[in-house]
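Spelled out, the chains give:
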Amino acid sequence: RKSVGEEALHQWQVLQVEKRIKQQKDREERERHRLQQQQLAKDRRNRESLAYWKELMQAWPQKKSQHTQKTRQLWCQGLPPSVRGKIWELALGNDLNITPELYSIFSKHAKQRVSIDEADAIGKEDSLKAIPLDVPRTFPGLDFFARDGGPMTDSLADVLQAYVCYRPDIGYVQGMSFIAAVLLLNMDEFPAFKCLANILNRPCYQVFYRLDGKLETYLRAYEFMLSKYVPRVAKNLAEHGITPHTYIIDWVLTLYSKALPLDIAVRIWDVFFLEGDPVIFRAAVALMRILSPLLSTGQMDECLYLLTHLDSRKIEEEELFSEVEKIDVSQERFEE
């Protein structure tokens, strides 16, 4: 039988455990309430701005420089989902003059080329064989592109296969499926193909998808930005021999759609269509600033795991975009 002192100690320990459980539940409830209020504010902002965007779409400026300060401010806060795809399409333009007829031609051509022998392939057409394998691996948690019965499985395969036949010099490269999938989640099949072709025609994506000699120039520019804005992180990673090749190539190839939650990734896409390629690297530096408590002191294995598993840490959407705004790198400065 317990003594009076032991019984008192036991009761005190039970009370302490109950107190900690209650504190944890209170913290979780406050966090749920905070996130709920944040989402409500976001939804309200989208509803209030929708009429503005619909009016703007009717008289879209010919040049990005013609967008007003109000447009840029609303844009950087995130586009309303119901008009996001159309605004992306308008903002990107169509320098390649892709037409529905052209898409139809390459779609039909792709279906004929899927089963060709490697010896008969033009350029990298043999990469068509990788597409059926990669499509079901694209956003597996959403089931939109599932192997059996996914509502967008065929559309994703068709867009990617048509692109390979349109650009056999590039072919299919892992990462493309995520870019094409995000487009299909926001627009119909032909606009998705048109946008995919125009995105991958941008200088940055030509370099990254070809892995050509200019890749090192982009990575050096990123390392310069990292040293300027997060010097302790840059120093720690360098000491561990962790180079940008280890993590940022995947971020760029998928435009963060694989590395980050989709609702955060599409906001990076929003700003990308407004401000261009530098946003990709500004977002990378912003992520490093947010993760700096660990990346500035962590061991090699800790840093590597975090950089290749961003989903292992909760990234706050508003904090990320507040940091992106602080990274001041224009298109002109980035090209220098």
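Higher on the page you've got the structure.
Note that the structure is predicted; figures quoted are calculated from it, not measured.

Another aspect to go through is the side chain of S296. Positionally, S296 belongs in the loop between α15 (292-295) and α16 (300-308). Judged by relative accessible area, S296 falls into the buried class, the value being 14%. A polar side-chain atom of S296 sits 2.6 Å from the main-chain carbonyl oxygen of S292. Contacts of S296, omitting those with residues within four sequence positions, involve R232, V233 and N236.

What follows is about the nonpolar core. Ranked by size, the top nonpolar core spans 108 residues in total, and within it F208, Y256 and L320 carry the most contacts. Top element by residues in this core is helix α14 (residues 278-290). It accounts for 10 residues. When residues no more than four places from it in sequence are discounted, the contact partners of F208 are L215, Y218, L219, I249, V252, L253 and F281.

Moving on, we get to helix α10 (residues 215-229). Between its terminal C-alpha atoms α10 stretches 21 Å, which fits the 21 Å expected from 15 residues at 1.5 Å a residue. Those residues of α10 that sit buried are L215, Y218, L219, Y222, M225, L226 and Y229. Burial along α10 is one-sided: seen end-on, the buried residues are contained in an arc of 115 degrees. Of the exposed residues in α10, the ones pointing more than 90 degrees away from its buried face are R220, F224 and K228.

A few words on unusual backbone geometry. Despite not being glycine, D143 has its phi angle at roughly 70 degrees, a positive value. D143 sits in the exposed class, given a relative accessible area of 52%. Residues other than glycine seldom take positive phi values, yet Y256 does so here, at roughly 65 degrees. Here Y256 lies in the loop between α12 (248-253) and α13 (262-275).

Two residues of an α-helix separated by three or four positions point the same way, owing to the 3.6 residues in each turn. Under the 1.5 Å per step criterion, the end-to-end length of helix α8 (residues 189-200) is 16 Å for 12 residues, consistent within 8% with the ideal 16 Å. Within α8 the residues assigned to the buried category are F190, P191, A192, F193, K194, C195, L196, A197, N198, I199 and L200. For α8, the elements touching its buried residues are α3 (81-92), α4 (100-113), α6 (153-166), α7 (176-184), α9 (203-210) and α13.

The next point concerns the pattern of salt bridges. Under the definition given, this model contains 15 salt bridges. D270 serves as the salt-bridge partner of R84, at 2.8 Å between the closest nitrogen and oxygen. Here D270 lies in helix α13 and R84 lies in helix α3, a separation of 186 residues in the sequence. We note that R84, like D270, is buried. The residue K86 makes a salt bridge to E89 at a minimum N-O spacing of 3.8 Å. On the criterion of helical spacing, the pair formed by K86 and E89 is a turn pair, its members being 3 residues apart in helix α3. Classification of E89 by relative accessible area gives buried; the value is 15%. In this structure, a network of salt bridges that share partners links the residues K86, E89 and K194.

Moving on, we get to the packing of α9 against α10. One can describe the packing of α9 onto α10 by two numbers: an axis separation of 9 Å at closest approach and a directional angle of 115 degrees. On the basis of their axis angle, the class for α9 and α10 is roughly perpendicular. For the pair formed by α9 and α10, the contact residues are P203, C204, V207 and F208 on the first element and L215, Y218 and L219 on the second. Its residues assigned to classes, the contact of α9 with α10 shows 7 nonpolar, no polar and no charged.

About the thresholds
- Residues numbered from 1 in each chain as written.
- Predicted model: local features only at pLDDT ≥ 70, side-chain atom pairs only at ≥ 80, totals over all residues.
- Heavy atoms only, no water.
- Helix = DSSP H or I, 4+ residues; strand = E, 2+ residues; numbered from the N terminus.
- Buried < 20%, exposed > 50% of the residue type's maximum accessible area, 1.4 Å probe, protein only.
- Polar contact = N/O pair within 3.5 Å; in protein donor to acceptor, adjacent residues only side chain to side chain.
- Contact = heavy atoms within 4.5 Å.
- Core = buried A, V, L, I, M, F, W, Y, C linked by side-chain atoms within 4.5 Å.
- Expected span 1.5 Å × (residues − 1).
- Arc of directions from axis to C-beta.
- Salt bridge = Lys/Arg side-chain N within 4 Å of Asp/Glu carboxyl O.
- Axes fitted to C-alpha atoms, helices over the stretch in contact; angles between N-to-C directions.
- Parallel < 35°, antiparallel > 145°, perpendicular 65-115°, else oblique.
- Nonpolar A, V, L, I, M, F, W, Y, C, P; charged D, E, K, R; others polar.

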